[in-house]
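Fold and contact review
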There are 4 protein chains.
Amino acid sequence: MEREHDFLPERTKWKRLVFRVIFKADTKPGKAFDLILLFLILLSTFIVMMESVSVYDAKLHHIFIVIEIFITVIFTIEYILRIVTLRNKKAYIFSFFGVIDFLAILPFYLSLFIPITKYFLILRMLRMLRVFRIFNLLDFMNDGKFIVTALKNSSRKIYIFLMFLMIFSVIVGSLMFMVEGHREGFESIPQSIYWAVVTVTTVGYGDVSPGTPLGKFLSVLLMLAGYSIIAVPTGIVTAEMRNKRQDLYKSCPRCGNSDNDDDARFCKICAEKLK
Amino acid sequence: MEREHDFLPERTKWKRLVFRVIFKADTKPGKAFDLILLFLILLSTFIVMMESVSVYDAKLHHIFIVIEIFITVIFTIEYILRIVTLRNKKAYIFSFFGVIDFLAILPFYLSLFIPITKYFLILRMLRMLRVFRIFNLLDFMNDGKFIVTALKNSSRKIYIFLMFLMIFSVIVGSLMFMVEGHREGFESIPQSIYWAVVTVTTVGYGDVSPGTPLGKFLSVLLMLAGYSIIAVPTGIVTAEMRNKRQDLYKSCPRCGNSDNDDDARFCKICAEKLK
Amino acid sequence: MEREHDFLPERTKWKRLVFRVIFKADTKPGKAFDLILLFLILLSTFIVMMESVSVYDAKLHHIFIVIEIFITVIFTIEYILRIVTLRNKKAYIFSFFGVIDFLAILPFYLSLFIPITKYFLILRMLRMLRVFRIFNLLDFMNDGKFIVTALKNSSRKIYIFLMFLMIFSVIVGSLMFMVEGHREGFESIPQSIYWAVVTVTTVGYGDVSPGTPLGKFLSVLLMLAGYSIIAVPTGIVTAEMRNKRQDLYKSCPRCGNSDNDDDARFCKICAEKLK
Amino acid sequence: MEREHDFLPERTKWKRLVFRVIFKADTKPGKAFDLILLFLILLSTFIVMMESVSVYDAKLHHIFIVIEIFITVIFTIEYILRIVTLRNKKAYIFSFFGVIDFLAILPFYLSLFIPITKYFLILRMLRMLRVFRIFNLLDFMNDGKFIVTALKNSSRKIYIFLMFLMIFSVIVGSLMFMVEGHREGFESIPQSIYWAVVTVTTVGYGDVSPGTPLGKFLSVLLMLAGYSIIAVPTGIVTAEMRNKRQDLYKSCPRCGNSDNDDDARFCKICAEKLK
């Protein structure tokens, strides 16, 4: 995801060694390090979740706290080591994973002052994205990149679509407020907009639903609209992905046919040998 | 969206100047004007929403009214200036944005007589579509056009699909009325049609849901139908978008045809060699 | 939809004239006939719906009945005339629209004996499909055919998909019955299967929802499955539609490039003139 | 699905005969056997379902038990015969259908000790997948394979997508827990994650729904996200399917490559001229 592989270690020997373990996964200790990290991330996420369940927290509060301190200390040491052993420290600190690594420890220290912030520790999960490399996951990385790229390339069109959808929802919501304003769930325009989005995205909680015949008629139109225009983001991303695949096609140097499959040895139109 | 850039100013000097500020965004005052407009639109939308929340309206009713009058006066002056400074006044008044500009002030004056119409002020949001130009948003405009074009080109197919779906929902709804007519939520055919649309579009509020085994069985069939045929609008729009990846088209330097495929070597209209 | 245009009239003169009015829309009386028919269909559908609403039926029962008898008599005469004036009577009676025409009058006569069957009159709506031709709706017919063909061509794949989905839902439902069997809404396997379909199709009424942690965990997996595999019918239909569009491409007789647009005058690869 | 047709019978004559009936459908007894099997599977599935409905079980418990024993005995004999008549017994036992056949009888014997496991008999339904061959269902098999292949080829991308979605849901759920933690349905992080998945997949049961304005605002964002990113799995599968329209491929008469595009004039592997 990030060009973390461009990072260079400091020149001191122990820093170079530590760097290799922490940043690379091409050695046994490096792989072991990543596996331990993965385990700690999963454990930590699990603990934060369990802590939020009052039944478990009542019984196991102290154990939870101990494990949390333990993991946070390790992550803090790791974070410091990452900075210390790197030559381009600043690049790391402000890189995607640098920020994630920092966010993975910050909430704990913050929670000493503002307890509720503890739950931000869940952001540690994002560190999992890095640990992909320990498995022979080059293909996975490529597929992930494929998805991210397709979404990035479609993002502008999707933003515009969402903006249209928001304006549409605001207008429909206001209309509904005028129609059903006296009923529960439509007491205000923001509330009615909430209903409009719930409906147009086909989520349909049902905590708010129309009561009058006219309201139901408008709802039906809104549902049909939502059911149809989901085609827009889908079409955008599909066209983008299909296009990405197009890069796999080979051009023929003789007849110029650009539609040869990736594994073609000869042009399908003129039988020219392809590289 | 609209060919507003074709509009021409009156020949009087001050009108030309005002025209440039109001209609164009290529000067500093023009950009400032657009930014202020954007701010006023957002503020106005926000006020209308807040006014509908009884808690806030109780406390801040007077402030809301003052801001609303203030913004409406500005929008009214602006609307008059637009008409006055334009040479082709009629073209503007009946253009897409001309109508929007009018609808942005009308509800206020109307609400002096019929209070509920005040909420139509939310239509002011549509003015936002114009303000796009203040940012360097040519790409955004193109992407917006791309989506609108794809929807326009697919619209006939989608109408037909929706007509099929409506007929289908009416028939299924009537069937369900016969099956579950004695239960709450299925008391009449229109009510049962409402349920059928809620189900087939996968919205599923749950305010109406089948109670008898036979009703549940029919619902299951309807859900599976809805889950499958969402493929139809999606397929239509995707095929359309795939076809119209405008950024992949090559323009012909001779005949100006801008619709040549990305891999074309010769213009398909005049056979001119393309780069 | 149907090859109704292959029908031939009887040789008697008045039959030929009546045939032209009833079956064709290329004369003034023919168009008027179709318009009246459309109006009667819509009116009849509307009446059947209103009749099911007890408030209206209480007030207007007699009027409803009179209109219904009136329309049914007209439809019956029309049906008889269609048979009488046609040379190939049998072909018509068993054609798609022949059956529809019959079903449009049958429920009324049936309802004299079994009242509830009256609501099948709603099937009259299907007659609307024929009336398309009165508008200059060749394009609409083509688009309708495009959708129907794409669905027909995909139908086998979609059936298989739905069969997989059904088997999957039955198994998941049974599993859920074992997990949540003691809770309301999961009292039996059929009931749990109903829940599974409601969930996997993302309808989500909420009339049945999991209560235990394990049940919720299984639900989450089922939802994610449903959210992902909706891609299957969508992919099938999209590929089919994209393919249909492919028929619009022109082949080059010289270089064999088969990817020229429908409106191309010259091959985009070799500049050969195309027909 | 499985290369069951590679199985070879033992050399004893009666085993060869039985093998042919059980494993093949090319003889009259073979077809009859498959039809009986299909009937027994459907009957058995139906019985298991009905048994779970307490009303029917109360009345018909004994009949259910008898039928169940009867079918299980037949299936057990059949399973033993399959093993006995086959030369490569081990390959069968660990093949897909071998495992299914075993799972179709195991729960019954298990339920003698642990009653609840009886419902796993529903797994018998999976045996239906085999019975496809009795109909002239080569096309169906191909279409099934098409779907399975497309899903298999997309599976890695879809896994990654689901992992992103899970991490996203965990983070959003935790955020929501902090925002709405005091309200019913958001009492713990796991519970809030459940809500997040219900929302992002657009299922929307409504058993848990946001109560505070901020919670509703976050929900709206989550719904819009869910509504947009459903495009990702759809795009992945569609691109895959488009790529694999197997019925459009041409076989090469020389090298046997069956992967040539529909419009290919020469085999892409050996340059043989294609019709």
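The structure displayed is predicted, hence computed values, not measured ones.

**Structural notes on a nonpolar patch on the surface**
Among the surface-exposed residues, Tyr109, Leu110, Leu112, Phe113, Ile114 and Ile116 of chain A lie close enough to one another that they form a single nonpolar patch of about 620 Å² accessible area. Examined against the element boundaries, Leu112 of chain A turns out to sit in the loop between α6 (106-111) and α7 (128-131).

**Quick word on the interface of chain A and chain D**
Contacts between chain A and chain D engage 61 residues on the former and 57 residues on the latter. For the pair chain A and chain D, the summed buried surface comes to about 5,200 Å²; carbon and sulfur atoms form 71% of the total. Applying the counting criterion to the chain A and chain D interface returns 0 salt bridges. Along the contact surface separating chain A from chain D lie 7 residue pairs in polar contact (both at pLDDT 80 or more). If you list the elements that add at least two residues to the side of chain A that touches chain D, you get α2 (28-52), α8 (138-180), α9 (189-200), α10 (213-229) and α11 (231-246) of chain A. If you tally residues by element for the side of chain A that touches chain D, the top one is α8 of chain A, at 13 residues.

**A word on the packing of helix α9 (residues 189-200) of chain C against helix α2 (residues 28-52) of chain D**
The contact between α9 of chain C and α2 of chain D brings their axes to 7 Å, and the two run at 100°. Overall, the two elements α9 of chain C and α2 of chain D adopt an arrangement that is roughly perpendicular. Along the contact surface, α9 of chain C presents Ile189, Pro190 and Ile193 of chain C, while α2 of chain D presents Val48, Met49, Met50 and Ser52 of chain D. Looking at the contact of α9 of chain C with α2 of chain D residue by residue, the class counts come to 6 nonpolar, 1 polar and no charged.

**A few points about helix α1 (residues 13-23) of chain D**
Residues and elements named next belong to chain D. Turning to α1, its buried residues number three or more, namely Lys15, Phe19, Ile22 and Phe23. Buried residues of α1, seen end-on, are gathered within an arc of 75° and therefore sit on one face of the element. In α1, the exposed residues that point more than 90 degrees away from the buried face are Lys13 and Leu17. Buried residues along α1 sit in contact with α2, α3 (54-85) and α4 (89-93).

**Here we look at α2 of chain A**
Along an α-helix, a turn takes 3.6 residues, which lines up residues three or four apart on a common side. The terminal C-alpha atoms of α2 of chain A, which comprises 25 residues, lie 37 Å apart, in line with the 36 Å expected from a rise of 1.5 Å per residue. In this structure Thr27 of chain A caps α2 of chain A, since a side-chain oxygen of it lies 3.1 Å from the backbone nitrogen of Gly30 of chain A.

**Re the UniProt feature "transmembrane region" (unreviewed entry) in chain A**
Residue and element names in this part refer to chain A. The positions UniProt marks with the feature "transmembrane region" (unreviewed entry) are residues 32-50, 62-81, 93-113, 158-179 and 217-239. The distance from the first to the last C-alpha atom of residues 93-113 is 24 Å, and the span holds 71% helix and 0% strand. Counted over residues 158-179, helix gives 100% and strand 0%. Its end C-alpha atoms are 31 Å apart.

**Quick word on the interface of chain C and chain B**
Often, the extent of an interface is quoted as the loss of accessible area upon association of its parts. The interface is formed by 61 residues belonging to chain C together with 57 residues belonging to chain B. The salt bridge partner of Arg156 of chain B is Asp143 of chain C, with a shortest N-O separation of 2.6 Å. Along the contact surface separating chain C from chain B lie 8 residue pairs in polar contact (both at pLDDT 80 or more). Where the side of chain C that touches chain B is concerned, the elements lending two or more residues are α2 (28-52), α8 (138-180), α9, α10 (213-229) and α11 (231-246) of chain C. The class makeup of the residues in the side of chain C that touches chain B is 42 nonpolar, 9 polar and 10 charged.

**Some remarks on the packing of aromatic side chains**
Applying the stated criterion to the full structure yields 36 aromatic pairs over all chains. Summarising the aromatic geometry, the rings of Phe96 of chain D and Phe97 of chain D are spaced 5.2 Å apart at their centres and angled 70° between planes, so their arrangement reads as edge-to-face. Accessibility expressed as a relative area gives 35% for Phe96 of chain D, which makes it partly exposed. Members of the aromatic cluster, each reached through a chain of ring pairs, are Phe19, Phe23, Tyr79, Tyr92 and Phe102 of chain A.

**What about the side chain of Lys118 of chain A?**
Residues and elements named next belong to chain A. Relative to the helices and strands, Lys118 resides in the loop between α6 and α7. Among the residues examined, Lys118 registers a relative accessible area of 16% and is labelled buried. There is a polar contact of 3.0 Å between the side chain of Lys118 and the side chain of Glu51.

**Some words on the confidence of the model for chain A**
Residue and element names in this part refer to chain A. Confidence in the prediction for chain A averages 84 pLDDT; 88% of positions are at 70 or higher. Of all the helices and strands in chain A, α7 carries the lowest mean pLDDT, 76, while α9 carries the highest, 93. For this predicted complex, the interface score ipTM comes out at 0.82, alongside a pTM of 0.84.

**A short note on the pattern of salt bridges**
Two side chains of opposite charge can pair, provided their charged atoms sit close to one another. Residue and element names in this part refer to chain A. Applying the stated criterion across every chain, the model contains 26 salt bridges over all chains. For the salt bridge of Glu78 with Arg127, the shortest nitrogen-to-oxygen distance reads 2.6 Å. Pair noted here: Glu78 is in helix α3 (residues 54-85) and Arg127 is in the loop between α6 and α7, with a separation of 49 residues, a long-range link. An identical accessibility class is assigned to Glu78 and Arg127; each is buried. Arg127 serves as the salt-bridge partner of Asp101, at 2.9 Å between the closest nitrogen and oxygen. Of the two residues, Asp101 sits in helix α5 (residues 96-103) while Arg127 sits in the loop between α6 and α7, which places them 26 residues apart along the sequence. By the burial criterion, Asp101 is buried, and Arg127 matches it. Overlapping salt bridges, with partners in common, bring together Glu78, Arg82, Asp101 and Arg127 in one network.

Rules and cut-offs
- Residues numbered from 1 in each chain as written.
- Chains lettered and ligands numbered in written order.
- Predicted model: local features only at pLDDT ≥ 70, side-chain atom pairs only at ≥ 80, totals over all residues.
- Heavy atoms only, no water.
- Patch = residues over 30% accessible without salt bridge, like charges linked within 9 Å, V, L, I, M, F, W, Y side chains within 5 Å.
- Areas by Shrake-Rupley, 256 points an atom, 1.4 Å probe, with all protein chains shown as cover.
- Salt bridge = Lys/Arg side-chain N within 4 Å of Asp/Glu carboxyl O.
- Helix = DSSP H or I, 4+ residues; strand = E, 2+ residues; numbered from the N terminus.
- Contact = heavy atoms within 4.5 Å.
- Buried area = accessible area lost by both parts, 1.4 Å probe.
- Polar contact = N/O pair within 3.5 Å; in protein donor to acceptor, adjacent residues only side chain to side chain.
- Axes fitted to C-alpha atoms, helices over the stretch in contact; angles between N-to-C directions.
- Parallel < 35°, antiparallel > 145°, perpendicular 65-115°, else oblique.
- Nonpolar A, V, L, I, M, F, W, Y, C, P; charged D, E, K, R; others polar.
- Buried < 20%, exposed > 50% of the residue type's maximum accessible area, 1.4 Å probe, protein only.
- Arc of directions from axis to C-beta.
- Expected span 1.5 Å × (residues − 1).
- UniProt positions renumbered as here; feature names shortened; annotations may be inferred.
- Phe/Tyr/Trp six-rings, centres within 6.5 Å; stacked < 30°, edge-to-face > 60°.
- pLDDT = per-residue confidence, 0-100.

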